[in-house]
Amino acid sequence: MAEVVGPRLYSCCNCRNHVALHDDVISKAFQGRHGRAFLFSHAMNVVVGPKEDRQLMTGLHTVADVYCSDCREVIGWKYERAYEETQKYKEGKFILEKSKIVKENW
């Protein structure tokens, strides 16, 4: 009998709340506040904080911190606006810090 396997997920490292699907990873080559970070097309079970302008490594962006909806741990940010044309592809996408998420169902 075959074992039923669910989708590969990423969860909050603090409370194991599911926050993203592996299939939604766009890139693993990003830099967060605390080291490596992944760019996701979608995130789930998160709360998006207030928008603010931040000067990041790739220029000025309007971003909003992203919190786990269960424990309120800051796990990354959402790109709301990119001011440079070459960075527009990030708009509406999520950065989740590798140090703040764990793999589930791998």
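Just so we're clear, the structure is a prediction, and the values are computed from it rather than from any experiment.

**Thoughts on the layout of surface pockets**
Here the largest pocket defines a volume of roughly 190 Å³. Residue assignment for the lining of the largest pocket shows that the elements contributing at least two residues are strand E3 (25-32), strand E5 (46-56) and strand E7 (74-82). Taken together, the residues of the lining of the largest pocket break down into five nonpolar, three polar and three charged.

**Topic: the sheet that holds strand E9 (residues 101-104)**
Spatial ordering of the open sheet is given by E2-E1-E9, a layout of three strands whose pairing is antiparallel. Bordering the open sheet on either side are strand E2 (18-21) and E9, each of which pairs with just one other strand. Each neighbouring strand pair of the sheet contributes to a mean axis angle of 35°, computed without reference to strand direction.

**Quick word on the UniProt feature "domain: Yippee" (unreviewed entry) in the protein chain**
When the UniProt feature table is mapped to this numbering, "domain: Yippee" (unreviewed entry) covers residues 8-105. Split by type, residues 8-105 is 0% helix and 61% strand. Its first and last C-alpha atoms lie 5 Å apart.

**A word on unusual backbone geometry**
Not every positive phi belongs to a glycine, and Asn 45 is a case in point at roughly 55°. Take Asn 45: it is sitting in the loop between strand E4 (35-40) and E5. By relative accessible area, Asn 45 is classed as partly exposed at 38%. Unusually for a residue other than glycine, Arg 72 sits at a positive phi of about 70°. When you line up the elements, Arg 72 lands in the loop between strand E6 (59-68) and E7.

Calculation rules
- Residues numbered from 1 in each chain as written.
- Predicted model: local features only at pLDDT ≥ 70, side-chain atom pairs only at ≥ 80, totals over all residues.
- Heavy atoms only, no water.
- 1 Å grid on protein atoms, 1.4 Å probe; cavity = no way out; pocket = protein on both sides within 12 Å on 5 of 7 lines; lining within 4 Å.
- Points joined across faces, edges and corners; volume = space filled by probe spheres on them.
- Helix = DSSP H or I, 4+ residues; strand = E, 2+ residues; numbered from the N terminus.
- Nonpolar A, V, L, I, M, F, W, Y, C, P; charged D, E, K, R; others polar.
- Pairing = 2+ DSSP bridges.
- Axes fitted to C-alpha atoms, helices over the stretch in contact; angles between N-to-C directions.
- UniProt positions renumbered as here; feature names shortened; annotations may be inferred.
- Buried < 20%, exposed > 50% of the residue type's maximum accessible area, 1.4 Å probe, protein only.

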